[in-house]
Structures are given as structure tokens and as C-alpha cells.
Amino acid sequence: MSGNASLGRLELKGLPLSLSSLPQIPISLRSMASSSSPPPGPASRPSPPPFATQNPNPASGSLPASFSNIQISRAPTPFAGPRGPPPGNGPIAPSSIRAPLQAPPPGSRPFPGSSSPPSQPPLPFARPAAPLQQQSPHPFGGPPAALASQTQTQTQLPAFGGPPSDPPPQVQRAPFSGPPSGISQPPLQFGGPPAAASQPPPFGGPPAAVSQLSPFGGPHPAAAPAQPAPMGGALYSAAQPPPFGGPPGAMTRTAPSGGLRPPFGGPPAQSQQVQFGGPTQFGGPRPGSQTLPFGAQAAPVSQAPPFMGPLGGGNAQTFVPPLWQGQARPGAVPGGMQPSMRMPGMPGGMPPNALGQGMPPASTPTMPYSPHAGAQISTPSKIDPNQIPRPVPESSVIIFETRQGGQAAVPPAASSEFIVKDTGNCSPRLMRCTMNQIPCTGDLLTTSGMPLALLVQPFALPHPSEEPIQLVDFGEMGPIRCSRCKAYINPFMRFIDQGKQFICNLCGFSNGTPREYFCNLGPDGRRRDADDRPELCRGTIEFVATKEFLVRDPMPAVYFFLIDVSMNAVHTGATAAACNAISQALSDLPEGPRTMVGIATFDSAIHFYSLKRAQQQPLMLIVPDVQDVYTPLQTDLILPISECRENLEQLLESIPNMFENNRVADSAFGAAMKAGFLATKSTGGKLLVFQSVLPSVGIGSLSAREAEGRSNISTADKEAHKLLQPVDKTLKAMALEFAEYQVCVDVFLTTQSYVDIASISVVPNTTSGRVYYYYPFSALSDPAKLFNDLRWNISRPQGFEAVMRVRCSQGLQVQDYFGNFCKRVPTDIDLPAIDSDKTIMVTFKHDDKLQENSECSFQCALLYTTVFGQRRIRVINLSLSCTNMLSNLFRYADLETQFTYVVKQAANGVQSTPLSQVRDQVTSTCINILQSYRKYCASVSSSGQLILPEALKLLPLYTLALTKSVGLRNDGRLDDRSYWASIVSSISVLLAVPLVFPRMIAFHDLTSRHDDDSLIPTPLTLNSENIHDDGVYLLENGEDGFIYVGNSVNPVTLEQIFGVSSLAGVSNQLALEQVDNELSRKVNEVVNEIRRQRCSYLRLRLCKKGDPSGDFFRSLLVEDKAPGGLSYVEFLVHVHRQIQSKMT
């Protein structure tokens, strides 16, 4: 197909056709190219509007069990002051909130703030909520759902607060099953204007097992005589069911003596130091914390199989991401204010004691740090491995008010399960800071050794029981802003002069209040309407953007698919898997006339397809010039899906047959992306590229660097890290052009060989996309993951053409942004797409001194457009206290957020620094933080003790895990390391910890478990002492699931789980099938629940003892000693010695 330009007409009726049989129509390439008028240049489009695809199918199943939190006392928040927190959803002034100016098209899925089309019955959530009168539903629907059969029998709830509607007349399509024949799917509803507070929320609420629940604090219907106390009142009795599937009686435990654990909202307690020699009571209850006062039990597991049906007639199960919008928070440990911990060393230390028993309280000094404080430590002797800090699961659901008594409350751990009540600060799911009190000076921050950064996840999935983000429309006036720094109105702007002026909380400038916005002040100095205006009492708000934010007509939702049809792609089944996945995912594209699609295939040439309905068959248009790419038609390459769906499905079914005899091994990946970009340049949109081999021809072609990489890495060459850098700047320049025209690229690498992810990932990383990696690609097990990844990609909450800026109080300035975006000016970042999985890290530095006892504010503003072309500004506010006390920085440190910062910095460093240096830098960060605490904050103690701040006591364990992770170990493949760095760049706090510190559970004894309150059993410690020869274990990190099988496993167990009595000859790439027995059912339930929690279709790999796969599994047990790596106990000793040497 190289050589003369050609146009071929492809008749699909006579399939299968070979390409050689296509009629060739000679045509001049140049005349073809010149016939297309060039799209408008970048200067004509400053920042066009983004759109948001919304909720996929609803999900079902019980609320996920939270994992790996130590139950510890949090950094306290003061009790509510005289005014108390702002009330819940008060009446909203008609002028402040109204419906959007333009309703979405009929049959479409509305976004928050849009009205729901009455003609389309909504798809109900699989676990309908009780009519909680105090709650409003959340704006985005959750990830794809789990169970259709359950929902079909229940009353349907409309999008956001409408009365229940009758079930739809059409049959519902089971989520994540194969493509239904002749079954239409009702659209998913994404929220109209905020509903009245009394209306029931459609998504969220307690599990479906409970039919009626009273509002927060109300009695459970089944336990009316017991009259449980309202929030903050007495805990439940043992007879009452535990909240959200917590363990029976979990709510009856009381606070331990000694006052070590202050209530969640209680006054600050003195930092106490915990002797390491005794059985510490981590994981105990959190006294005083507000647990969810529902007497609800998790839905029976038999009601909620989260995966439905085979994929394309195969036997791989399909996947449903989580049913609620904040997944279970696995793998990490809470921060907050906790007593410090010390590890006994030399004889003569304090005797072992249980927590709070017989220990003198050692209060943390409250004076500013002094260079002469601290005590000398001698080398430790032996550490008891059973007493060292480890994560402990937590089962209770926390109700978290973001501000209490006029001060910021310390957020729960990201990995815990919590329901946010926005009382002025944003939800911690949307924005978290590495420390919950801000140092007044740069010197204090430097002394602490800790980073100051925000992790911003603007579309993070909320818990289904949380109120929605409110939409505010100021009409033509537009949102109220500071005239100096352009910050948006928020709860921390102070009104003065009887309300005629307001002072900006970020720059301090005094602004005049517009006449239309004037309101008198009350006796407390607040506006009288403050509680009625969401922008004055909520930490997160969304404004309707005015014409000044709209520089062109809203763009349509454009999806352009590019499929590799080179010889290897066809032979490995990757081409067929891609076509099948796209065909099934079409029904999940946003519905309505604004959704447009296009498709092209490529090998050493590019094949476009015209899908016009008037042509009874698609027309193939071949572009053989892969150095100077052009599009063969100006129109008809991208069409509304409603006009071309039938032709597109026919074409997708035919492509594998058309190319089955293709002998072209080359792949013009760069040229294909360029061609797809030219087709979408005038509108913007998403390019979804399915690539199977190393790009070898055309623009951006690459060469195999892996052989060179092997030799360099094995000889510890100092330049080995350069193989993790892009080979040249060609793809980067291309990506910058894509981002300029708001084109986002996602790359699905279905490969069995090296593809140079270091170079390829530059394109998705610059255009706000991501890389999906299936190595080695298996036609047996990977099509299911490919389909589920694609489905979630196009159906999750997202916006397009976004611009984001973070502002902060005077005294701080933004230092840098990290993530997947394009940055053209110092203050803003451009995001061709932003979705619920993407996180942006923002670092800060001091440029002046902050005032003690004042508050430091942060504001993130995200301008984007929804799928319906509605321009929105999402404003996220966080205000934290400033302090001059070093001890407060440690007391209020956020472990998971700080560790996520360290992981992202390490991923950023692997491209420019040798691995050994990156590992040393990671370890030094940990040591410097602990040494600062030991020197300036810990009370004088006997020598030989390693003292850890309670909030950061797991930092050494996580640091050790990071040094042994795939990204930083010496023996990894180049592509594996590049892929790791690529996903870390935009990973959330929630998923960063499990990525490097995985979760391990036992499969073989699932049927004998007694802790049936949670679907997923208690995780095992990551060391080989927990691995037995007769056991079967799963170790998962959110991306992959490794199933380890010992040599002596009972053949009956193997038969029950895998359907075979011997694993000899069984492939390591596993498609887990459910066999008709109890153990198999439980194994599948656990795997599916993990997939739901992680929003990812966990890729399963079989690991056998005595096999290289078994050795790899054991290398993931981070507490064990590894070749060239320390065990956990040895690492603690190493950290202690390093601290000692710094102290002397």
C-alpha cells in the first residue's frame, strides 16, 4: 500500500476481503491535501471550552471494606464555637442558584446543574438510597456499576432528587456484559439543579439490604425502641447491626484509659510517646469519632456480583468499577495528631508497656524549635519484629465535617471510609495538603524536612451519601472576584463596612461589593445570607461561566479510534480485541447529537474510513505518505454517532478479517496520531490509540533501545537512566501541538515486546491522557481488561479543554505543578482532558512570613466545559491554620499525602538520575524528617530508642517499599519502569500507597473466615512468614493481581479455585473463571470487589513456587530481606543509625 496515492472503495457485504482486492482509484495526493482548508491557527482559539462525560452504569454491592488504616487518634479539631458550623443545605436564594441557561439535548445525560430530560427514565443505582432528608445526592454518578438484575426489580430513582419514576419500558443492559442484541440502554442521569433537601438521593445511601433508613442520627426502623443517639452521641449497643458492614460490636468499644486518643473533633492532646516493647493497641476504635449512625448491614454478597457475563462470547469476566464515588481507601495509614512512638533498644530502657499503661506522659515541647534541643541516641540492639509499626485495617465509617468551631478539621486518612460534610473547607478527596497546619516561615519548613504541597483531584469520586457540589449562576454579572488577584468569592472573604466591601483572603485587597450582591451584616459580622449562599458557606462550588470565559462555540464530544493492524497486532489477537472492545463500549459514549466518532487503522500506511449513512458500506481512504501526513477528506471522517453507528459496528466486526493476511510488520504510530489529530484539529477531542509494536516508520519512528538498556543496567552504567528519557523531541513537539488544539491522547499498548514507553508516554503525559499497558498481551485474559479500561475511560466523570490555576495566600507562592498537562504560562496549566482519576500536585515555597494564629488559604479554580457544552468554573477552597511550632507540623502531618509527594518526586527523578541515587534521595527524605522530629520535638529519653512521630510512624515502612518497587529496582525491564513512572505522574493519594505497598490476602481459607462483615479479608503482613506451601495468596497493587500457589496445595483446593487439579502447563496469564463451589464464588467476589474499589480491572498473573514468577512474587514482600535490599527491621536499624550520626 505504499507508492502511488490511492483511494479504495471497500464493500463490506462481500467479506472477508483482502486488501489486495480493493479497487484502486488514482488520485493526486497534493490535490487531496490542498482541498482541505487548513483549520484555524492556535492564535484564534485561546482556551476553548471543555466538556464532561459523566457517570457510567451504576454499581452495586456492599460498601467496600476499608483497608490498612491504623485506628489512631486524629489531630483534633476544636469543638464548635458559639456560632457552630454553617448549617446544611439551607434555602438558596433564587438569584444565586438557577438552572443552566440551556437544557441538554433530549435523551442526553445531564451534568450537575442541568435538568434531567423527562422523556428518558434514568438508570437506577444498584443500591438505592433511603430517603435521607438531610442529604442531597452527589453530582457525578459513580463508576460503572455492578449489577443490573438487582436494579431492575427496584423502584428507579431519578437523577438528583426527583421523585421515583416508573421502571423504563425497555430492558436494561447488564453493565459490563457483552453487547446486547436489540436492547437499548437508558441514559445515565447526571444531575439536575440541586434538588429540594427533602428529596431522596438516587445514588448512594446505605446498602440495598436495608430498605428504609432514617436520616443521620435517627433510629433504625428495626430498632425503634432502642432510640440510638444522634451524631456524636452514645455509641451503638452490641445488639445493633454495625454501620456499613463493620464488625459486630465494633461500635461498643470505648476509649482506652489514659486519654491517649482524643475524639475526632476534640481538643488537642499532648503528644505522647509509645514504648515499642509491648503490644501497642493500634487499630483500636476512634473514640468520639462520628461513625455512621445507620443500623445498616452490607448487602448480602449473593446480591452483588459485580461482573456480568463473558466478553464477546469469551470466558473472561467483565468488570464494574466502584459503585460509590470514593472507592475504599486501601493500603494506607492515617496521619493526624498522634503520640510519637519509640522503639526500645539498649537494656535499661523503659519496660514494655501496652499503650497508655504505666507510661509517664511525655509532652511534646510547645516552644519554637531550638538547635540545642534533643538527646543523643546509641545504637539499638534487637528490635522485636512483632512490635514495629504496620498498617491496621479500619472498619468504621467516619462522618467528617471539614471545619468545626471556625477552624479546619484534620481530615481522615485517604484510605479510610468517610462521608464529608462541607462546612467551609473542601472535601479532602478533592484537595489535600501534606500538612494540616502551615509553617509561618520557610526556615521552619526547611527544618522540619517535610514538603509543603497540595494534591488536587478536582473530579474525585464522592461518597454516594455526600451532598452534591452546588451550581451557582450569577447571570451576566459573572462570579464575584477579587479585582486584584482575581480569586473567586469564597467563605473566607471577610465583609466589612456594613457589607459594602469585602477583603480578599488571598491577597488582602479591599474590594467594593457590587450593588446586586449587597447584603447587611449580622451581629457576628457575617452576611445575613451567608448560610443561604453556597459560595459563602461551602468549600467547593461550581459557577456558571459567562461569555468572557467562552471564546468559541462549545466543542462536541469527539472520540477518534486508531487501531494498529500490522502483522504482529493481527496475529496476537490485539487487533480483534481492540475492535471488540470499541464495539461494546460504543453504548457507553455520551448520548445525544453532540457525540461524534471517527476511526482509522494503520500499519505502514494510514487507512481512514468514511462512515456516512448514505453510503451503504464504509469507504476506505488510504494515505501512504507517513512522513508528510494529511487527511483525505475535509468532512465525513468524524460523524455524529447517531448517523454512523450501524456502519461503524459493521466495520469493527470486519477489520480483523480484512487484515488477517496482512504481511506488513511496520507500524506508523506517530503518523497515525498526527493523522487523527488533523481530523480532530478543528474541534478538539480524544484520540484513543491501540498500538502493538515498536513504531518503526514515519514521523516519530523509534528503534529498539532495550538491548542497550540491558547491558547498561546490568553493568550499573551511570548513563542507564537516559534510556528512560524520550529518544528525541519529535513526539514532544507533536504532543505540544495536540495540547494546543485541545486533543487528548490515550494509548493502549497491547504488546508482547519492547515498545519504548519512555518515548511513547510523552504524548499522553503532555495531553492529559494516560498509558494503558498489557504486557505480555494475552488473547485469553487481556481482552476483558482492555474492554473495561476503555469503558471506564470514556464513561467516568470528566471535562475537556480545561484550564487550572491554584492561588494561595500572601507569604506563599506556587513553586511548581506536577502531573499530566501542558504548561504554557507560569501560572496556569492546560488540560485537554481532566477526569476523576487524574491528580495534579502543586508545590509551594515561602516568599514572606505568615502571621501566626492567622489562616493560610489555597484556592484551585478549574475552567472546563461539560459534554453538553456548558461552561463551568469549579472552585475548591482550603484554609488552614498557620503555626510557629515545629511540633504542630509533625502532629498535623498527613502521611499518605506526604508519601505520595515522595513517590511522585522519585518517578520524576528516574529519568534524570541513576536509580541508586533516587533510592538514596528517597531514604534521605525519610531520615531527615525523622531526625528533625527526634532533635527538636521528642522529649529527652534513654539512648538507643528510635522515636517516630505518631502521624508518620509508617513512613519508614512505606519508604522501604518504594525503594523496592518496580520503578526503582535494578532488575526491572525498561518499559516496566517507564510505565510505572508514567502512571505515578497523575496517580491519586488513594492509589499511590497500594501501588508501592501492596495488599496481600489468603485465598485458600476464605470459606473458613469468621470476619464476614467485610468482603475482603484482613490483609496479611508482607513477609514470607505468612506464605505457606499449602496456601494460595493474592497480592494486588491496584494495577496487577499476583496469585501465588504453593507446592503443597491440596488438589481439591486447586480444583475448586482454578478448575484443574494441577497447575502444570497452566499459563501464568490467568482468566479466573467461577466454578460451581463456595470457595470459587468467594474468590471471585473478592477479586471483583478489589477491581471495584480500585476502578481498575485487576490483571491476574499466576505465580508458582520454584518458577521465576514465584520469585518475583516473593520480591514484592517488602518486609523481607532482598538481594541488595534490607528487611524492614534492618531498615529501621539503618534509619536509627543515620539519625544518630546526624545528631552527633
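Given the structure is predicted, the values throughout are model-derived calculations rather than measurements.

Criteria and cut-off values
- Residues numbered from 1 in each chain as written.
- Predicted model: local features only at pLDDT ≥ 70, side-chain atom pairs only at ≥ 80, totals over all residues.
- Heavy atoms only, no water.
- Helix = DSSP H or I, 4+ residues; strand = E, 2+ residues; numbered from the N terminus.
- Buried < 20%, exposed > 50% of the residue type's maximum accessible area, 1.4 Å probe, protein only.
- Areas by Shrake-Rupley, 256 points an atom, 1.4 Å probe, with all protein chains shown as cover.
- Pairing = 2+ DSSP bridges.
- Axes fitted to C-alpha atoms, helices over the stretch in contact; angles between N-to-C directions.
- Contact = heavy atoms within 4.5 Å.
- Phe/Tyr/Trp six-rings, centres within 6.5 Å; stacked < 30°, edge-to-face > 60°.
- Lys NZ or Arg CZ within 6 Å of the ring centre and 35° of its normal.
- Disulfide = S-S within 2.5 Å.
- Parallel < 35°, antiparallel > 145°, perpendicular 65-115°, else oblique.
- Left-handed = near helix turned anticlockwise from the far one by under 90°.
- Nonpolar A, V, L, I, M, F, W, Y, C, P; charged D, E, K, R; others polar.
- Core = buried A, V, L, I, M, F, W, Y, C linked by side-chain atoms within 4.5 Å.
- Expected span 1.5 Å × (residues − 1).
- Polar contact = N/O pair within 3.5 Å; in protein donor to acceptor, adjacent residues only side chain to side chain.
- Salt bridge = Lys/Arg side-chain N within 4 Å of Asp/Glu carboxyl O.
- pLDDT = per-residue confidence, 0-100.

K.L.:
Before we go on, may I ask you to explain the overall build of the protein chain in this structure?
P.N.:
In terms of regular secondary structure, the protein chain is built from 23 helices and 35 strands. Scored against the burial criterion, the 1144 residues of the protein chain give a buried share of 65%. As presented, the protein chain carries roughly 37900 Å² of accessible surface, and 52% of it is formed by carbon and sulfur atoms.

K.L.:
Sorry if this is basic, but what is going on with the sheet that holds strand S28 (residues 840-846) here?
P.N.:
Sheet architecture is open: four strands sit in the order S9-S11-S28-S26, paired in antiparallel fashion. The open sheet terminates on both sides in strands that have one partner only, identified here as strand S9 (431-433) and strand S26 (812-818). Taken over all neighbouring pairs, the strand axes of this sheet differ in orientation by 25° on average, direction set aside. The sheet strands contacting helix H15 (residues 895-909) are S9, strand S11 (453-456), S26 and S28, and the helix crosses S11 at an angle near 90°.

K.L.:
Please explain unusual backbone geometry as it appears in this structure.
P.N.:
Among all residues save glycine, negative phi is the norm, and among peptide bonds the norm is trans. A cis amide bond, omega -15°, links Tyr-775 with the succeeding residue Pro-776. One can find Pro-776 in the loop between strand S24 (771-774) and helix H13 (782-795). A positive phi angle is found at Asp-497, which is not glycine, with a value near 55°. Considering the arrangement of structural elements, one finds Asp-497 in the loop between strand S13 (494-496) and strand S14 (501-503). In this model, Cys-1095 sits at a positive phi of 55°, which is unusual for a non-glycine residue. Structurally, the position occupied by Cys-1095 is in the loop between helix H21 (1078-1094) and strand S35 (1099-1104). Taking relative accessible area as the criterion, Cys-1095 reaches 8% and is therefore assigned buried.

K.L.:
Quick question: what am I supposed to make of the packing of aromatic side chains here?
P.N.:
The geometry of an aromatic ring pair comes down to the distance between the two centres and the angle between the two planes. Per the counting criterion, the structure on display carries 19 aromatic pairs. Each residue in the set Phe-474, Tyr-488, Tyr-517 and Phe-543 is aromatic and connected to the rest through ring pairs, giving one cluster. Between the NZ or CZ atom of Arg-527 and the centre of the ring of Tyr-517, over which it lies, the distance is 4.3 Å. The ring of Tyr-772 carries Arg-770 above its face, with NZ or CZ at 4.2 Å from the centroid.

K.L.:
Looking at this model, I keep getting lost on the state of the cysteines. Mind explaining?
P.N.:
Simply put, disulfide is the name for a covalent bond between the sulfur atoms of two cysteines. The tally for this structure, following the rule as stated, stands at zero disulfides. Lacking any disulfide linkage, Cys-507 is separated from the closest cysteine sulfur, that of Cys-482, by 3.5 Å.

K.L.:
Hey, could you run me through the packing of H15 against helix H16 (residues 915-936) in this one?
P.N.:
A pair of packed helices is captured by two measures, namely the crossing angle of their axes and the spacing between those axes. Relative orientation of the contacting elements H15 and H16 amounts to 155°, with a least axis distance of 9 Å. One way to sum up the angle between H15 and H16 is to call them roughly antiparallel. Crossing angle aside, the handedness with which H15 passes H16 is right-handed. Counted together, Gln-898, Val-902, Ala-906 and Gly-909 of H15 and Val-918, Val-922, Thr-925 and Ile-929 of H16 form the full contact between these two elements. Here the residues of the contact of H15 with H16 sort into five nonpolar, three polar and no charged.

K.L.:
Help me understand the sheet that holds S35 in this model?
P.N.:
Strands belonging to one sheet form pairs held by backbone hydrogen bonds; the direction of such a pair is parallel or antiparallel. The strand order S32-S33-S34-S35 describes an open sheet built from four strands, whose pairing is mixed. The sheet terminates laterally at strand S32 (999-1002) and S35, the two strands that pair on one side only. Averaged over all pairs of adjacent strands, the angle between strand axes in this sheet comes to 20°, irrespective of strand direction. Relative to S35, strand S34 (residues 1040-1045) runs parallel, the two sharing six bridges. Each residue of the ladder has a partner; that of Phe-1042, found in S35, is Arg-1101. Sitting on the sheet, helix H20 (residues 1051-1058) is in contact with strand S33 (1032-1036), S34 and S35, with an inclination near 155° to S34.

K.L.:
Just to check I follow, could you spell out the nonpolar core for this structure?
P.N.:
For soluble globular proteins, nonpolar side chains are generally found buried alongside one another. If you look at the biggest cluster of nonpolar residues, it comprises 164 residues, and the most contacted ones within it are Leu-454, Phe-858, Leu-962 and Phe-1113. At nine residues, the largest contribution of residues to this core is made by H16. In contact with Phe-858, other than residues within four places in its own chain, are Met-431, Ile-438, Leu-454, Leu-506, Arg-807, Cys-808, Leu-812, Phe-844, Ile-876, Asn-877, Leu-878 and Leu-880.

K.L.:
Any chance you could explain the packing of H15 against helix H19 (residues 989-996) here in plain terms?
P.N.:
Following both chains from N to C, one finds H15 and H19 inclined at 70°, their axes separated by 9 Å at the closest point. With respect to H19, the axis of H15 lies roughly perpendicular. Note that H15 runs across H19; the crossing there is left-handed. For the pair H15 and H19, the contacting residues are Glu-896, Thr-897, Phe-899 and Thr-900 in the first and Val-989, Ala-992, Val-993 and Val-996 in the second. In terms of residue class, the contact of H15 with H19 is made up of five nonpolar, two polar and one charged.

K.L.:
Explanation requested: H21 in the structure shown.
P.N.:
Taking 1.5 Å of rise per residue, 17 residues should cover 24 Å, and H21 covers 25 Å from first to last C-alpha, within 8% of that figure. Taking burial as the measure, the 17 residues of H21 include 15 buried ones, the bulk of the element. The opening residue of H21 is Asn-1077, an N-cap whose side-chain oxygen sits 3.1 Å from the backbone nitrogen of Leu-1079.

K.L.:
What's the story with the pattern of salt bridges in this structure? I'm lost.
P.N.:
A complete count under the given rule lists 36 salt bridges for this structure. With a closest N to O distance of 2.5 Å, Arg-552 and Glu-801 form a salt bridge. Here the residue Arg-552 occupies a position in the loop between strand S16 (540-544) and strand S17 (557-564), and Glu-801 occupies one in strand S25 (residues 798-808), the gap between them amounting to 249 residues. Here Arg-552 falls in the buried class, since its relative accessible area comes to 18%.

K.L.:
Before we go on, may I ask you to explain the confidence of the model for the protein chain in this structure?
P.N.:
The predicted structure's coordinates, where accompanied by low pLDDT, should not be read in detail. Confidence along the protein chain averages 74 in pLDDT terms, with 65% of residues attaining 70 or more. Per-residue pLDDT stays below 50 along residues 711-717; that stretch engages in seven contacts with residues further than four places along the chain or on separate chains.

K.L.:
Looking at this structure, how should I read the environment of Thr-572?
P.N.:
Take Thr-572: it is sitting in the loop between helix H5 (567-571) and helix H6 (574-585). The partly exposed category is assigned to Thr-572, whose relative accessible area is 22%. The contacts of Thr-572, once residues within four sequence positions are left out, are Gln-752, Phe-777 and Ala-779.

K.L.:
It is not clear to me how the environment of Val-697 should be interpreted in this structure. Could you clarify?
P.N.:
Secondary-structure assignment places Val-697 in the loop between strand S22 (685-691) and helix H9 (706-714). Between the C-alpha atom of Val-697 and that of Asp-603, which follows or precedes it by 94 residues, the distance is 9.0 Å.

K.L.:
Can you walk me through H13 in this structure?
P.N.:
Quick reminder: α-helices carry 3.6 residues per turn. Residues three or four places apart thus point the same way. Between its first and last C-alpha, H13 extends 20 Å over 14 residues, near the 20 Å set by a 1.5 Å rise per residue. H13 sits mainly inside the fold: 14 of its 14 residues count as buried.

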